[in-house]
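# Fold and contact review
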Amino acid sequence: MITMLTAYTKELDDIEAACNEIIERLDAPHAIRKNSVGLITCDSEFVDAGVVEALCKRLDFDTIGITTRGTAVNGQNGFDILSIAVLASDDIRFSTVMSDPIAPDSIDAPIEAAYHRGASKYGNERPSLILAYPPMMLKVGVGQLVAPLRRLSGDDIPVFGTLSNDQTPSFSTCKTICNGEAFPDTFGMVFFFGEIHPQFFRQSISLENIQKQHAIVTDAEGFVVKTLNDMPFSHYLQRLGFAPRNFETLYMIPFITNLKNDNANPTISCGVYSVTKEGYAVFGEEIPIGATIALGKLDANDVLNTAQDAVTRIADLRAQGRASCALMYSCITRSIILGSNYFAELSIVSDTLEGVIPFQCCYSGGEICPAPDASGKSANHIHTFTFIVCVLA
């Protein structure tokens, strides 16, 4: 059994007061079980001000976390919050690790070393779940960062998580947090050991907002899609009306792909990180030859409707006795799409789940979540424009 305790603070100027507020809200001495781990989400100012470091020094369990654009947690939501969700259990055990710094020419080795440290804590026992918190590194991309972890975990160990993000246009203050230390280029992980049955689901783009016309990937290598329908990716975009000067804003356009081009496999919402000088697209997910790609459209109404669908499902699971707590990560682009109504999605989460179930939700720089095929077999995938959910029971 896993329980979740949540707490938050908006205090930036008085470090001691901020820490006291968190500790009092947690009521930690009375509620923490044999094994505990803390998940921190916060605006980067809480790192810079020293609040995160001071708080972690006062906690007697490990913490992992990220900076983020906005958070919803029991009792509060907004963009200027430090939140912590403490997962506690008498039978599930946790192992937390942070990788060494990652660089564009050194990706796999630091992640693999961190994985082996975390996964080997209990001898030969394999983890039952991994929470993953990669850094935001625009020159690397989410796919390359998560690939080593996906390779090591396979699809029999579910991986759920999010990249760090922040409120700046260039993501210049993003950090990954571990036990009070915060770095722009490290990868944090939490390994769960013991019998656990998480449930995963996601909401992205409504079917009516996905073009019926799709293209076939005719040449691709890893994360790079070279040709669609035997023409360079850039030429295909121009046929759809995209001018080359608009290629830099493709990160705002959802591309919906069926990786196997059949009805038995899930469709994934993917983002394009860049277009190369050859006219090839660099995606956040590996897309094989033969996959289909269609354009999608995500507007403010769809953001709110899909978020409502997701949290309503969580509430239903709670009512059925099948959920004890929930973690949720929503693509930061969804927040941008909301414009001046930027609190609306977080408010839906709070309004629906407050008093119903312990939860923590934050904006994401890239979503990592298993997706099932038609037979129910899940595989770990990378998503964008998506609201992902992990329900623990």
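Before any of the text, the structure's been laid out above.
Nothing here was measured: the structure is a model prediction, and the numbers come from that model.

### Observations regarding helix H10 (residues 344–353)
- Counting buried positions over the ten residues of H10 gives seven, a clear majority of the element.
- Taken as a whole, H10 has its buried residues at Ala344, Glu345, Leu346, Ile348, Val349, Ser350 and Leu353.
- Where H10 ends, the next residue or the one after it, Gly355, has phi of about 80°, a positive value.

### Quick word on the nonpolar core
- With 34 residues, the main nonpolar core has Ile314, Met328, Val349, Leu353, Phe387, Val389 and Val391 as its most contacted residues.
- The set of elements that each furnish at least two residues to this core consists of helix H8 (300–319), strand S22 (325–331), H10, strand S23 (359–364) and strand S26 (387–392).
- Looking at this core element by element, the count peaks at eight residues for H8.
- Within the second largest apolar cluster, 28 residues are counted, among which are Ile2, Ile64, Ala85 and Leu129.

### Some details on the packing of H8 against H10
- It is at 9 Å that the axes of H8 and H10 come closest, and there the two elements cross at 20°. Considering their axes alone, H8 and H10 lie roughly parallel with respect to each other. Viewed along their axes, H8 and H10 form a crossing whose handedness is right-handed. For the pair formed by H8 and H10, the contact residues are Val303, Leu304, Ala307, Gln308, Val311, Thr312, Ile314 and Ala315 on the first element and Ala344, Glu345, Ile348, Val349, Thr352 and Leu353 on the second.
- Within the contact of H8 with H10, the residues separate by chemical class into ten nonpolar, three polar and one charged.

### A few points about unusual backbone geometry
- In this structure, Asn229 is a non-glycine residue whose phi angle is positive, near 50°.
- Inspection of the secondary structure assignment puts Asn229 in the loop between strand S15 (224–228) and strand S16 (231–232).
- For Asn229, a relative accessible area of 35% gives the class partly exposed.
- Of note, Asp230 is a non-glycine position whose phi angle comes to about 65°, a positive value.
- By secondary structure assignment, the location of Asp230 is in the loop between S15 and S16.

### Here's the deal with the sheet that holds strand S1 (residues 3–9)
- Taken in spatial order, the six strands line up as S1-S6-S2-S3-S10-S11 in an open sheet, and their pairing is mixed. Only two strands of the sheet have a single partner each, and these edge strands are S1 and strand S11 (181–183). Shown here is a sheet whose adjacent strand axes are inclined to one another by a mean of 20°, direction ignored.
- Pairing geometry for S1 and strand S6 (residues 82–89), over seven bridges, is antiparallel. For Tyr8, the partnering residue across the bridge sits in S6 and is Ser83.
- Against the sheet, helix H1 (residues 15–26) touches S1 and S6, its axis set at about 150° to S1.
- Contacting strand S2 (35–42), strand S3 (62–67), S6 and strand S10 (176–178), helix H4 (residues 51–58) crosses the sheet at an angle of about 25° to S6.

### A few points about the pattern of salt bridges
- Here the structure, examined in full by the defined rule, presents ten salt bridges.
- For the salt bridge of Arg25 with Glu21, the shortest nitrogen-to-oxygen distance reads 2.9 Å. Placement of the pair is Arg25 and Glu21 together in helix H1, with a separation of four residues, close to one helical turn.
- For Glu221, the salt bridge identified is with Lys226, shortest N-O distance 3.4 Å.
- Each of Asp108, Glu112 and Arg151 takes part in one network of salt bridges that share partners.

### A short note on the packing of aromatic side chains
- Summed over the entire model, instances satisfying the criterion amount to twelve aromatic pairs.
- Aromatic side chains Tyr115 and Phe191 sit 5.5 Å apart centroid to centroid with 70° between the ring planes, which places their arrangement in the edge-to-face category. Residue Tyr115 is located in helix H5 (residues 108–119), and its partner Phe191 is located in strand S12 (residues 188–193); the two are separated by 76 residues in the primary sequence. When sorted by exposure, Tyr115 lands in the same class as Phe191, which is buried.
- Between Phe255 and Phe283 the ring centres are 5.8 Å apart and the planes differ by 80°, which places this aromatic pair in the edge-to-face class. With Phe255 in strand S17 (residues 255–258) and Phe283 in strand S20 (residues 281–283), the pair connects residues that are 28 residues apart, well separated along the chain.
- Here Phe255 falls in the buried class, since its relative accessible area comes to 3%.
- Taking the relative accessible area as the measure of exposure, Phe283 reaches 3% and is therefore buried.
- Of the aromatic side chains, those joined through ring pairs into one cluster are Tyr133, Phe160, Phe200 and Tyr329.
- One cation-aromatic arrangement involves Arg93 over Tyr122; the distance from NZ or CZ to the ring centre is 4.7 Å.

Reading guide: rules and limits
- Residues numbered from 1 in each chain as written.
- Predicted model: local features only at pLDDT ≥ 70, side-chain atom pairs only at ≥ 80, totals over all residues.
- Heavy atoms only, no water.
- Buried < 20%, exposed > 50% of the residue type's maximum accessible area, 1.4 Å probe, protein only.
- Helix = DSSP H or I, 4+ residues; strand = E, 2+ residues; numbered from the N terminus.
- Core = buried A, V, L, I, M, F, W, Y, C linked by side-chain atoms within 4.5 Å.
- Axes fitted to C-alpha atoms, helices over the stretch in contact; angles between N-to-C directions.
- Parallel < 35°, antiparallel > 145°, perpendicular 65-115°, else oblique.
- Left-handed = near helix turned anticlockwise from the far one by under 90°.
- Contact = heavy atoms within 4.5 Å.
- Nonpolar A, V, L, I, M, F, W, Y, C, P; charged D, E, K, R; others polar.
- Pairing = 2+ DSSP bridges.
- Salt bridge = Lys/Arg side-chain N within 4 Å of Asp/Glu carboxyl O.
- Phe/Tyr/Trp six-rings, centres within 6.5 Å; stacked < 30°, edge-to-face > 60°.
- Lys NZ or Arg CZ within 6 Å of the ring centre and 35° of its normal.

None of the figures reported here should be taken as evidence of function without further support.
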